[in-house]
Structures are given as structure tokens and as C-alpha cells.
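Structural overview for review
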Amino acid sequence: MFFQHVYDKSLAQGSYVVGCQATGEAIVIDAQRDIDVYLDIAKQNNLRITHITETHIHADFLCGSRELAAVTGATMYLSDEGGEDWQYQFSHKGLKDGDVINVGNLSLKVMHTPGHTPESISFLLTDHPATDSPVMAFTGDFVFVGDIGRPDLLEKAAGLIGTKEAGAKQMFQSLKKFAALPEYVQVWSAHGAGSACGKALGAVHSSTVGYEKIRNWAFQYGEDEKGFTDYLLADQPEPPKYFAMMKHLNKVNRPLLVAVPKHPKLSKEDFLDAYANGLKVIDARNKVDFAEGFIPGSLNIQSNNSFSTWAGWMLNYQEQFMLVCDDNQIEDLTRKLMRIGLDNIFGYITDVKDLGLDLQKADVISLDEFKTYIGKEDVQIVDVRGVTEYEAGHVAGADHVFVGTLNDNLNKISKDKQIVIHCQAGDRSAIAYSILAKNGFANVKNFSGGMKEWQANEGNTIGCNETSCTNA
């Protein structure tokens with residue numbers, strides 16, 4: 001048996017190539033959209049991609065199954081579980097609970113595991129030359145290392161009201177199927193730490209059924225379904241805005257992109273013309289360089305592992321946009337954006353200083369200066385972290401506006417007061433600063449050290465709010 005885990009750090013997303021070396025056949029599970037990685041793996045290992053499958057209709061990335069099928073001619077095997085509203089709307093071979101996909105001398109048995117979504121399935125892999133018992137489980141967003149898939153995404157991200165409670169109950173029953181598997185079976189999921197598809201995903205990529213039964217919180221509730229459901233639905237992170245579009249595009253027919261596109265480096269004239277016509281500018285430089293001089297109206301989304309997630313919060317799927325980045329970054333950023341379907345890149349520039357524009361500077365302040373603003377009536381301190389982070393502890397008197405929804409909540413930011421923003425360590429507050437600057441907020445300061453620096457120096461004052469204090 002051939003096995004390779006392909007992991008995209010930018011979305012904490014895992015996909016898999018599993019092959020039979022005797023016959024040369026291979027299956028790809030939950031492919032990312034830039035499919036050259038799978039073609040290269042197959043070529044290097046004398047394999048032919050003959051089968052393609054997915055664990056469910058994904059919400060957090062644009063699955064590359066159709067691109068891969070178009071290039072290889074492989075058959076797509078997709079879930080037909082979940083009822084009429086949860087069917088893929090393009091040609092595929094349907095899968096039901098108990099069905100088996102044969103890949104050479106390997107087999108993958110389908111196990112319907114609803115909860116995260118109604119159509120979710122897992123695959124039990126058996127390597128028949130070695131054993132007639134399953135050795136691996138590909139669980140998608142069903143069971144992660146240390147966590148399980150959240151059932152509230154359909155409601156929060158896609159607007160399907162009333163689905164989260166039903167999903168939580170389905171998840172409780174599905175976990176009983178998982179717990180009945182042999183404890184030695186390896187567990188390989190679709191996500192790791194950093195994904196918004198759960199709230200406590202582990203950093204280790206693989207586990208076993210036995211280990212999860214001991215360590216995963218979801219298996220500690222016995223028959224207490226209500227306790228399980230209450231915990232599962234509580235304190236889940238905010239789902240990025242783009243999730244709703246992914247849920248749609250992964251279900252319906254859409255244009256295919258079978259190669260990584262190359263985008264032009266724009267001349268000064270081309271950039272300025274597009275800029276004058278209102279094209280959005282995403283500045284992917286690090287926050288320090290951005291603060292020292294940025295194009296008015298540009299948004300600072302740093303070129304790191306969170307780039308695509310924040311781009312998905314800030315961009316829509318109809319508008320063109322331009323990038324500020326180095327020549328050696330453009331391919332990586334293109335890949336990160338195409339993985340969530342953001343293909344409308346007009347081009348990029350590398351230097352903001354030779355455009356003839358009057359650049360703006362960010363007002364970044366130190367911890368000592370930040371302290372001087374706390375408690376003043378003419379100052380509004382805004383914490384732009386997630387709601388669970390804020391509720392776990394925040395600076396006394398700080399208001400909360402999550403950076404992902406800041407554009408929709410600008411009315412909560414005063415134009416009459418001195419605004420001081422912060423997050424955990426400065427990355428999200430850099431985004432927030434650029435959003436506020438773009439929207440005409442001139443009196444803004446950024447405490448870039450954030451709660452990380454505050455907690456390191458102020459200790460147990462972190463949890464103070466209007467009514468109580470909690471130790472950090």
C-alpha cells in the first residue's frame with residue numbers, strides 16, 4: 001500500500017493519496033484545488049489516479065475533485081446520503097452507508113457519519129494482502145485529533161436555521177459507530193490545529209480510535225446527550241464569511257481551474273489606472289512594513305498561514321483586486337487564494353513607494369502608552385479578537401468588535417473619541433487598522449503588542465470587565 005498525507009498549513013486542511021502498488025491504482029481523498037501536488041505524487045510513485053472521493057460537501061475550501069477528474073479521467077465517488085437537499089448536483093458515482101470502493105488490492109468501506117453535515121461519510125481502509133480488518137479511518141470533519149466536527153456551520157455560515165441542534169444529535173449517534181471500531185485503527189481527518197471547523201483541534205495529524213476514546217472530549221459524556229450537545233455547540237469560533245460560498249460551489253457545477261494561473265506584475269500606469277477605478281488593494285507585506293507606509297484604502301492581510309482565511313473574510317467573489325507582494329510570493333498567494341475560489345486577481349506590484357501616491361502611516365503604540373488610555377472617557381478601546389477570546393478575559397472597559405465583522409459594525413466605533421485597537425499579538429489589529437483607515441477613521445492607534453504583551457506584563461488584570469475580574 002502507498003500512502004501520503006498532503007497538508008495545507010494555510011487552511012489546516014489534510015488530503016490523502018492512497019494507492020495499490022501492485023496494480024498502480026490510486027485514490028485521492030478531499031483534494032485541494034491546486035491539483036499539481038497529486039499529479040506529481042502519482043508520477044513519482046508510478047501510480048495512476050483512478051478514483052477520487054470526498055468525505056462531505058466542504059465549507060472551508062474549494063475542493064479540487066472536479067479539476068482532478070477532468071485532468072486524470074478518474075471516477076468521482078461522492079456521498080448520496082443525507083437526503084434530497086444534500087446531494088451533489090453534478091455527475092458522480094453515489095455512495096451509501098456500507099458501500100465499498102475497490103482500489104486495486106485495497107478497499108474503502110463507506111460509513112455514514114452525519115453530524116457535522118447530513119451527508120458526511122467516513123472511509124474504513126483495508127489493505128487486503130496484509131489483513132481483512134480495517135487499518136485506517138478517513139474521518140473528514142467527523143472526528144479530529146482531540147475534537148469533533150462542529151454541527152453549527154450550516155446555520156452560522158450558510159444560514160440554514162435550526163440545523164445545529166439536529167446535527168448535534170446526529171453527531172452523538174455517529175460517535176457510537178466510531179467507538180465500536182477496533183482501537184488500533186488509525187484516524188486521519190481533514191483538518192488540524194488552526195481550522196475553524198472545530199474549537200480544539202490537535203496539532204498532531206493522526207491518532208487512533210483507542211487514543212481518541214481516551215483523550216477526545218467528545219467520548220467522555222457516556223449517555224449524557226444533553227451535556228454533550230451543550231458543550232459541542234458552545235464557544236465555537238466565528239465561521240469565516242466565505243464558508244457560505246464554499247458550501248455552494250462545492251455542491252454545484254462551476255468553472256474549473258486545472259492549473260495555477262500566472263498573474264501579471266503591473267506597471268505603475270496600469271496599477272494607478274485600476275486603483276483610480278476603485279479596485280481593492282490587498283497589501284500582503286508584514287505589518288511593520290505596512291505601518292511605515294501604505295497605499296490609502298489598502299487592506300493589510302499579511303502573507304502568512306492565515307492569509308487565505310482573512311482574504312475570505314474581506315473579499316467577495318465578484319470584485320477584482322490587486323496585491324502588494326514580492327515577486328517570490330505571488331505564486332504562493334495565488335495558490336492560497338484559489339483554494340478558496342478567489343480567482344479575480346488583476347495583478348500585483350512589489351513597491352508602494354514608486355507610485356507617486358502620498359502613503360499613510362499607522363500609529364502603533366507601546367504598552368506604556370496603551371496604559372495611559374485605559375479608563376478615559378474620551379477614549380474607546382476596541383478588542384478585535386474572537387468573542388470567546390474576549391469573554392475569557394479582556395482589558396477593563398474594552399469594547400468588543402471582531403475584526404472579521406468590523407466592516408459590518410463600523411457604527412460601533414466612535415469618530416468622536418480616540419480609538420485604540422488591539423488583538424492578541426498584532427496581526428488582526430493590523431487588519432483592523434487598515435479597515436478603519438479605509439473607512440475614514442483618522443484618530444486610531446494600534447497597540448500591536450496586544451493581549452500577549454499585556455498579559456505578560458500585567459498578569460491577573462487580564463480578566464477585568466465592568467462587573468468582575470478573573471485571573472489570567
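On a predicted model such as this, the values are computed, not experimentally measured, just so you know. (Residues numbered from 1 in each chain as written. Predicted model: local features only at pLDDT ≥ 70, side-chain atom pairs only at ≥ 80, totals over all residues. Heavy atoms only, no water.)

**A closer look at the packing of aromatic side chains**
- In this structure the tally under the stated criterion is 22 aromatic pairs.
- For the pair Y221 and F228, a centre-to-centre distance of 6.3 Å together with 80° between the ring planes defines the contact as edge-to-face.
- Between the NZ or CZ atom of K251 and the centre of the ring of W86, over which it lies, the distance is 5.8 Å.
- Sitting above the plane of the F441 ring, K415 keeps its charged end 4.8 Å from the centroid. (Phe/Tyr/Trp six-rings, centres within 6.5 Å; stacked < 30°, edge-to-face > 60°. Lys NZ or Arg CZ within 6 Å of the ring centre and 35° of its normal.)

**Description of the nonpolar core**
- M314, L323 and V403 are the most contacted members of the largest nonpolar core, which totals 57 residues.
- Leave out the neighbours within four places in its chain, and V403 touches W310, M314, V384, R428, I431, A432 and I435.
- Judged by nonpolar contacts, the second largest core, of 21 residues, contains F2, Y38, A69 and Y88. (Core = buried A, V, L, I, M, F, W, Y, C linked by side-chain atoms within 4.5 Å. Buried < 20%, exposed > 50% of the residue type's maximum accessible area, 1.4 Å probe, protein only. Contact = heavy atoms within 4.5 Å.)

**Some remarks on the UniProt feature "domain: Rhodanese" (unreviewed entry) in the chain**
- If you check UniProt for "domain: Rhodanese" (unreviewed entry), the listed places come out as residues 275-301 and 375-463 in our numbering.
- With 30% helix and 22% strand, residues 275-301 has its two end C-alpha atoms placed 18 Å apart. (UniProt positions renumbered as here; feature names shortened; annotations may be inferred. Helix = DSSP H or I, 4+ residues; strand = E, 2+ residues; numbered from the N terminus.)

**Some thoughts on the sheet that holds strand 18 (residues 379-383)**
- Within the open sheet, the five strands sit side by side as 17-21-20-18-19. Their pairing is parallel. Of all the strands in the sheet, just strand 17 (364-365) and strand 19 (399-400) have a single pairing partner and so form its edges.
- In this sheet, strand 19 lies alongside strand 18 in parallel orientation, the contact comprising two bridges. Across the sheet, the residue bridging to D383 is H400, located in strand 19.
- The sheet strands contacting helix 14 (residues 427-438) are strand 20 (418-422) and strand 21 (444-447), and the helix crosses strand 21 at an angle near 175°. (Pairing = 2+ DSSP bridges. Axes fitted to C-alpha atoms, helices over the stretch in contact; angles between N-to-C directions.)

**Looking at the packing of helix 10 (residues 307-314) against helix 11 (residues 330-338)**
- Remark: helix 10 packs on helix 11, axes separated minimally by 9 Å, with the N-to-C direction vectors making an angle of 55°. Of the possible angle classes, the one that applies to helix 10 and helix 11 is oblique. Viewed along their axes, helix 10 and helix 11 form a crossing whose handedness is right-handed. Here F307, S308 and A311 of helix 10 come into contact with helix 11, specifically with L333, K336 and L337. (Parallel < 35°, antiparallel > 145°, perpendicular 65-115°, else oblique. Left-handed = near helix turned anticlockwise from the far one by under 90°.)

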